[in-house]
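Descriptive structure summary
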Amino acid sequence: MIAVGAFALGDRTPRRVDEPADAAAVAALLKSCSTAGEAAVIVGGGTLQGIGNAPARYDRAIVMRRLDRIASYDPRDLTIGIEAGMTIAAVTQRLAEERQFIPFDVPRPHEATVGGTLAAGWAGPRRAAYGALRDLVIGSTAALTDGTLATAGGMVVKNVTGYDMSKLYVGSLGTLGAIVRANFKTLPRPAMRRLAVAPLGPQSEERAVAALGSVMVEPAAALVVRGFTGKTTGVNDESVRLVVLFEGSAATVDRATRELRSQLGANGVAQTHLFEEAAAERAFQTTIDATIEPLADRSITYRSRGIPTAAWARMDAAHTHIERLGLLADAIADVRTGDVYVRVAAGVREVLEDRLADADATVRRVLGRATLVAGEPGLRARLDAWGSPPSTIATMRALKARFDPAGTLAPGRYVGGI
Amino acid sequence: MARVARTMPNLGTSTELGTRLVEALGSGVALTQPEDLAVYAFDAYSEDRLPTAAVVPRDAREVGIAVRIARECGEPVVPRGAGTGLCGGAVPRNGGLVVSFARMNRLLELDARNKRARVQPGLINLALSKAIAAEGVFYAPDPASQKISTIGGNVGTNAGGPHCLSYGTTTNHILGLEYVDAAGEVHRTSLDDPGYDVTGVLVGSEGTLGIVTEIDVRLMTLPEAVRVGLAAFADVESASEAVSAIIGAGIVPTALEIMDKLIVDAVEAHYHAGFPLGSGAVLLVEIAGAAGDMDESEAVLARIAREHGALSWRTARDAAERDALWASRKGAAGAIGRIAPNYYIQDACVPRTKLPQVMHEIDRIAREYRLPVGNVFHAGDGNLHPLLIFDRRVARDVQAVVDAGTEILRTCIAMGGTISGEHGIGYEKRESLSLVFTTDDLAAMGRVRDVFDPGRNFNPDKIFPSGAVCGEVKRAHVA
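Treat the numbers as computed from the prediction; the structure is a model and nothing was measured.

**Observations regarding the sheet that holds strand 14 (residues 273-276) of chain A**
All names here are of chain A. In spatial order, the strands read 14-11-13-12-16-17-15-18; together these eight strands make up an open sheet with antiparallel pairing. The open sheet has two free edges, formed respectively by strand 14 and strand 18 (371-375), since each of these has just one partner strand. For this sheet, the mean angle separating the axes of adjacent strands, direction not counted, is 20°. Where strand 15 (residues 299-304) meets strand 17 (residues 340-345), six bridges bridge the pair, whose relative direction is antiparallel. For Ser-304, the partnering residue across the bridge sits in strand 17 and is Val-340. Strands in contact with helix 8 (residues 250-266) are strand 11 (192-200), strand 13 (240-248) and strand 14; relative to strand 11, the strand with the most contacts, it is inclined by about 10°. Contacting strand 12 (221-226), strand 15, strand 16 (328-334) and strand 17, helix 10 (residues 308-324) crosses the sheet at an angle of about 175° to strand 16.

As structure tokens, this is what we get:
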């Protein structure tokens, strides 16, 4: 018997936890839940459950970890089919054996699963260089609440046969169906990876970001990180640093490093620390981990998407306004994709509790569209994770009603109360 | 042009639709005379009925009005870009209203620093990249039709092109859409918004879910250096082996295209771009990126090509020669049109390692049906385009083309492939969809259709098979 407590979401705990052995079993479970009027939440590694609201009803947790195999992989095709419960680390390791990769860029890859990462719509920093996961998914199979398994796409890299249903399941947070398998394009591993980390003084941030635009070689990722003390690369991590990842041939990565150092130097940034290969990967991963890293039980984290050139200024504004409220802010501006992450915290939990509504209104006002992606469940329960719904919400509700008429899948967890 | 399923155009019957459209939008926007409607009866696949009316709207509001009136009249609505589609997607099967985007063809906003632009659907694909090149950016999807096809049409079919190999297809370059729904209401989607990926579902839906009226596209930085190599091979199989080896070695060029002898000879006769005549197949490889990487990448490609039997390897001398090679590659179908009475271009996709085997099978099938076949295809993606050459006036030929085409599709499916890589399903391949997908798979897609277009007014008779499967989808809806 599996302890149900580990699967709690907010103040809801399932009555029962199932670990289906295969896709057919997942579909059968969904159908039986639907028939019985029970609410079910699909569970991967549980690492991104800070995204979305707690479900309004929660009878059963359906844990996907037994679907943990590579379904199909011929490295020469540069495609792979993976079951939903396989961990990102396991996939990454298998791909690395063939000198290939998928830029998952997801926090806690040893726990995070393929299905959970897709369902959460995770889109990491390297999407500016390689495309987001939604762009690399070439096919999927989903278990639906009527007990069917629906496949879309395939194992080919160009495919316009039928609707692109995979796009619908990716990012749906398990509210339309359970992804049981996903097929991806894979990428050949670049010959070289190097992470450059430059400490930035208070006056040099904006100039450093602008200088980055003059580096001719486009980085695979570039982020400005404020705070997250002790949680990232170890360079200047009580203050501000620019984190830039270069991937490519040795010659191009060397050239990029020279250009970066020269541009930063001309803008008053004297030091650049370099991490190579495995060290670069570890340091980059810690930065990604920080995006959802809580500060004990006294923080909540927002993510907001927008245009890249405004990312730093939006992050700066949010940071300033949160500190004005007497709260602590740690923040990341992804200057390649436009994503901004802001972690709002307090030295004492009660202070954050008191100022939570103000902080929420402030962040959403300053960042525009912002969604909660992490934080202590009791704090998150007082806020709507999604903010005001987009203009297509009626269509989204209709999709939910058509795919899950009984409201079986994580009711209330998604955008607009879906 | 191959118009296999040709039927005689006949006139639409509803006068109410035309009258009301003219009333609401004026005779400058709404067209009802048969001579004005004739151009909307066909695309590059086939010719069918004249629509009852056509509109050439100036903005989304007018599209919405037209859609509402058509719905009230019970008439289907078919959106149309440039009509270059190869699967009948823009053809009105049962009269109704055609919405042409000929007037909505502007670049509305360009933000080169953030690499995005907002365009109207009627903007011609190549016109966008030309208009923005001075800013150092380009729009990557480049279907062979890009000189005339529109970005709206490209969104409809999720169009591909030679450079999809490393850049991805249209869907990977769409950041958001404005669309008119079945009720005539205007909506906007964005990948930056939370919620279901409505953008991703609309792209490639061939006008069956909504009518796109504005498109936010992702742009890319023009590469610092580009190099195009040409390798000649004794036959298509050995060229295909080279392609599989290049991909298998972990190299992803920006394009990796094969043309067989029949195509090369036709193209060279027409364009004189410098393709090696007389060889069994030509491999066209493009690499792009940092200038310092070009020599080494080229050396690796040339070595792999030689190891797989390349008879020669050379690179284009300059940008002008590169452009000439690409222009002639993209004009291959047109060049065939000059030497063949008719041709039928098939579109299918297989896993890359299956290329040599599938090329062998296509050759066998063509021989069996006694049809000359030319191959010009996106080899790096495993995306095949056999051109079956025939004479429409010979009944045996027409039937043989249809049968050979179907057998090619079945062969690709058996190898783990699919029936369309980039052209779409339209009505050409709708009945073949059930070769790829189960009833349950199609039912899930049908649910999306139910939500966006419950009345089946948007481009009916496209994508989904007629008959049993549709019936089941419908019954599921009622239940």
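**Quick notes on the domain arrangement of chain B**
Residue and element names in this part refer to chain B. With domains assigned, chain B is organised as domain 1 (15-100), domain 2 (107-221), domain 3 (223-339), domain 4 (341-436) and domain 5 (440-478). A C-alpha centroid distance of 28 Å is found between domain 2 and domain 3. Residue-level contacts link six residues of domain 2 with nine residues of domain 3. Residues belonging to the side of domain 2 that touches domain 3 are distributed by class as follows: four nonpolar, two polar and no charged.

**Comments concerning the environment of Arg-68 of chain B**
Mapped onto the secondary structure, Arg-68 of chain B falls in helix 3 (residues 60-72). With 47 residues separating them along the chain, Arg-68 of chain B and Leu-21 of chain B place their C-alpha atoms 9.9 Å apart.

**Observations concerning the interface of chain A and chain B**
Taken together, the contact pairs 62 residues of chain A with 66 residues of chain B. Contributing elements (two or more residues each) for the side of chain A that touches chain B: helix 5 (133-136), strand 8 (149-153), helix 6 (165-169), helix 8, helix 10 and helix 13 (393-403) of chain A. Sorting elements by how many residues they give to the side of chain A that touches chain B places helix 13 of chain A first, with seven residues. Residue composition of the side of chain A that touches chain B, by class: 28 nonpolar, 20 polar and 14 charged.

**Describing unusual backbone geometry**
Residue and element names in this part refer to chain A. Its identity is not glycine, yet Leu-78 carries a phi of approximately 55°, on the positive side. By secondary structure assignment, the location of Leu-78 is in the loop between strand 4 (70-74) and strand 5 (79-83). Backbone geometry places Leu-173, a non-glycine residue, at a positive phi of 55°. Along the chain, Leu-173 turns up in the loop between helix 6 and strand 9 (178-185). The class for Leu-173 is buried, based on 27 C-beta atoms found within 10 Å.

**Structural notes on the sheet that holds strand 16 (residues 342-345) of chain B**
Residue and element names in this part refer to chain B. Spatially, the seven strands line up as an open sheet ordered 15-12-14-13-18-20-16, and their pairing is antiparallel. Looking along the sheet, the strands with just one partner apiece sit at the ends: strand 15 (312-315) and strand 16. Across the sheet, the mean angle from the axis of one strand to that of its neighbour is 20°, orientation sign disregarded. Strand direction decides the pairing type here: strand 18 (residues 373-377) and strand 20 (residues 386-390), joined by three bridges, are antiparallel. In the sheet register, Gly-374 faces strand 20, and the bridge partner there is Leu-387. Of the strands in this sheet, strand 13 (255-260), strand 14 (281-289) and strand 18 touch helix 9 (residues 261-271), which is tilted by about 90° from strand 13.

**Thoughts on the packing of helix 13 of chain A against helix 16 (residues 439-452) of chain B**
Here helix 13 of chain A crosses helix 16 of chain B at 140°, and the two axes come no closer than 9 Å. Judged by the inter-axis angle, helix 13 of chain A sits oblique to helix 16 of chain B. Helix-helix and strand crossings are classified by hand; for helix 13 of chain A and helix 16 of chain B the assignment is right-handed. Here helix 13 of chain A contributes Thr-395, Ala-398, Leu-399, Arg-402 and Phe-403 of chain A to the contact with helix 16 of chain B, which in turn contributes Arg-447, Asp-450 and Val-451 of chain B. Along the lines of polarity and charge, the residues of the contact of helix 13 of chain A with helix 16 of chain B split into four nonpolar, one polar and three charged.

**Quick look at helix 12 (residues 332-339) of chain B**
Residues and elements named next belong to chain B. For helix 12, the set of buried residues is Ala-332, Ala-333, Ala-335 and Ile-336. Projection of helix 12 onto a plane perpendicular to its axis shows the buried side chains occupying an angular sector of 160°, all on one side. Check the buried side of helix 12 and you find it contacts strand 13, helix 9, helix 11 (319-330), strand 16, strand 18 and strand 20.

**A closer look at the packing of helix 8 (residues 236-248) of chain B against helix 13 (residues 355-368) of chain B**
Residue and element names in this part refer to chain B. Where helix 8 contacts helix 13, the axes come no closer than 8 Å and their chain directions differ by 160°. Between helix 8 and helix 13, the crossing angle belongs to the class labelled roughly antiparallel. Note that helix 8 runs across helix 13; the crossing there is right-handed. Touching Val-236, Glu-237, Ser-240, Glu-241, Val-243 and Ser-244 of helix 8 are Leu-355, Pro-356, Met-359 and His-360, all from helix 13. Residue classes in the contact of helix 8 with helix 13 are distributed as five nonpolar, three polar and two charged.

Calculation criteria
- Residues numbered from 1 in each chain as written.
- Chains lettered and ligands numbered in written order.
- Predicted model: local features only at pLDDT ≥ 70, side-chain atom pairs only at ≥ 80, totals over all residues.
- Pairing = 2+ DSSP bridges.
- Helix = DSSP H or I, 4+ residues; strand = E, 2+ residues; numbered from the N terminus.
- Axes fitted to C-alpha atoms, helices over the stretch in contact; angles between N-to-C directions.
- Contact = placed C-beta atoms within 7 Å.
- Domains from an automatic or database assignment.
- Nonpolar A, V, L, I, M, F, W, Y, C, P; charged D, E, K, R; others polar.
- Buried ≥ 20, exposed ≤ 12 C-beta atoms within 10 Å, placed from the backbone.
- Parallel < 35°, antiparallel > 145°, perpendicular 65-115°, else oblique.
- Left-handed = near helix turned anticlockwise from the far one by under 90°.
- Arc of directions from axis to C-beta.

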